[in-house]
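# Coordinate analysis (summary)
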Amino acid sequence: KQKTAYEIVDCDWSSDVCSSDLDLRLNTTVLKVAVESYLDAMGTRGLSPAHLVPVRSRLLRFVESMPEHMGEITLPLVTEYLERFENLTTRQNERMVLNRFFNWCQMQGLLPAGTPHVIARTDMPKPKWEEPKIITPKNMGKALWAASVVYPELVPAIALGGFGGLRRAEIVRLQIGRAHV
């Protein structure tokens, strides 16, 4: 194939690949191998194991639900997979991890560049608006009393969450011995 001036200046030899060779490569890329390569790349980028564990779990669950080759993954398959997650936050997190993976695959040439990949074409889950659920001081008193009877060691955590607005993860990370009151 004859090169354009831009391809010569940029040393872009990608057009040397026949489109039929490229189509074959895209359709026969094994999903599980691509996922392992992605996870290795993320590990070498310095992502912490604490971050990689849920990403690995989500991607391997996706691999188990999809066909072996990336070229066989279709929008209906992905939509059905994502709709299995009833919790919209979980569905959104799954989609986010998959979107990052598929973007990486495009950058690596495992998926065609320049067109939206199958994850990008899925709809973002939209939560339904609901009235906020508020615990009244009277209800909080009942919860603290019930906890003091059954699990007295949880009373401080419940109080911090209820009155201080701390989330469960924030309460768990607290180091009470270092608190200055």
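Values in this document were obtained by computation on a predicted structure and should not be read as measured data. (Residues numbered from 1 in each chain as written. Predicted model: local features only at pLDDT ≥ 70, side-chain atom pairs only at ≥ 80, totals over all residues. Heavy atoms only, no water.)

Listed in full, the buried residues belonging to helix 5 (residues 75–83) are V78, Y81 and L82. The buried residues of helix 5 occupy one face: seen down the axis, they fall within an arc of 95°. Opposite its buried face, helix 5 presents the exposed residues P76 and E83, each directed more than 90 degrees away. Elements in contact with the buried residues of helix 5: helix 4 (49–65) and helix 6 (88–107). (Buried < 20%, exposed > 50% of the residue type's maximum accessible area, 1.4 Å probe, protein only. Helix = DSSP H or I, 4+ residues; strand = E, 2+ residues; numbered from the N terminus. Arc of directions from axis to C-beta. Contact = heavy atoms within 4.5 Å.)

Right, let's talk about the side chain of E94 for a bit. Its place among the elements puts E94 in helix 6. For E94, a relative accessible area of 1% translates into the label buried. Polar contacts involving the side chain of E94 include one to the side chain of R58, which spans 3.0 Å. If we ignore the near neighbours within four places in the chain, the residues touching E94 are R58, R61, Y81, L82 and F85. (Polar contact = N/O pair within 3.5 Å; in protein donor to acceptor, adjacent residues only side chain to side chain.)

In this section: a nonpolar patch on the surface. The grouping of W145, V149, V150, Y151 and L154 at the surface amounts to a nonpolar patch, some 570 Å² of accessible area in total. Position of Y151 relative to the elements: it lies in the loop between helix 7 (137–150) and helix 8 (155–164). Since its relative accessible area comes to 48%, Y151 is described here as partly exposed. (Patch = residues over 30% accessible without salt bridge, like charges linked within 9 Å, V, L, I, M, F, W, Y side chains within 5 Å. Areas by Shrake-Rupley, 256 points an atom, 1.4 Å probe, with all protein chains shown as cover. Salt bridge = Lys/Arg side-chain N within 4 Å of Asp/Glu carboxyl O.)

Okay, the nonpolar core next. Burial of nonpolar side chains together is a common tendency in soluble globular proteins. L31, L59, F62, F101 and F102 are the most contacted members of the largest nonpolar core, which has 28 residues in total. Sequence-distant contacts of F62, that is, excluding residues within four places in its chain, are made with L31, I73, V78, Y81, L98 and F102. (Core = buried A, V, L, I, M, F, W, Y, C linked by side-chain atoms within 4.5 Å.)

Moving on, we get to the packing of aromatic side chains. Applying the stated criterion across every chain, the model contains 6 aromatic pairs. The interplanar angle of 70° and the centroid separation of 5.4 Å between the aromatic rings of Y38 and F101 together place this pair among those described as edge-to-face. With Y38 in helix 3 (residues 31–44) and F101 in helix 6, this residue pair connects regions lying 63 residues apart in the sequence. With a centroid separation of 5.4 Å and 80° between ring planes, the pair formed by Y81 and F85 is classed as edge-to-face. Given the relative accessible area of 1%, Y81 is considered buried. Residue classification places F85 among the buried positions, given a relative accessible area of 14%. (Phe/Tyr/Trp six-rings, centres within 6.5 Å; stacked < 30°, edge-to-face > 60°.)

Per-residue pLDDT for the chain has a mean of 82; in total, 83% of the residues score no lower than 70. Within the chain, the element-level pLDDT minimum falls on helix 1 (residues 5–9), averaging 45, and the maximum on helix 5, averaging 94. Scored below 50 in pLDDT, residues 17–25 makes 4 contacts in the model with residues more than four places away or belonging to other chains. (pLDDT = per-residue confidence, 0-100.)

Bringing the pattern of salt bridges into the picture now. Taken as a whole, this structure holds 4 salt bridges when the rule is applied. Linking R56 and E36 is a salt bridge whose minimum nitrogen-to-oxygen distance equals 3.4 Å. Taken as a pair, R56 in helix 4 and E36 in helix 3 lie far apart in primary sequence, 20 residues in all. With a relative accessible area of 34%, R56 lands in the partly exposed category. Residue E36 is classed as partly exposed on the basis of its relative accessible area of 27%. R167 is paired through a salt bridge with E170; the nearest N and O atoms lie 3.8 Å apart. Overall, the relative accessible area of 62% leaves R167 in the exposed class. Salt bridges sharing common partners tie together R58, R61 and E94.

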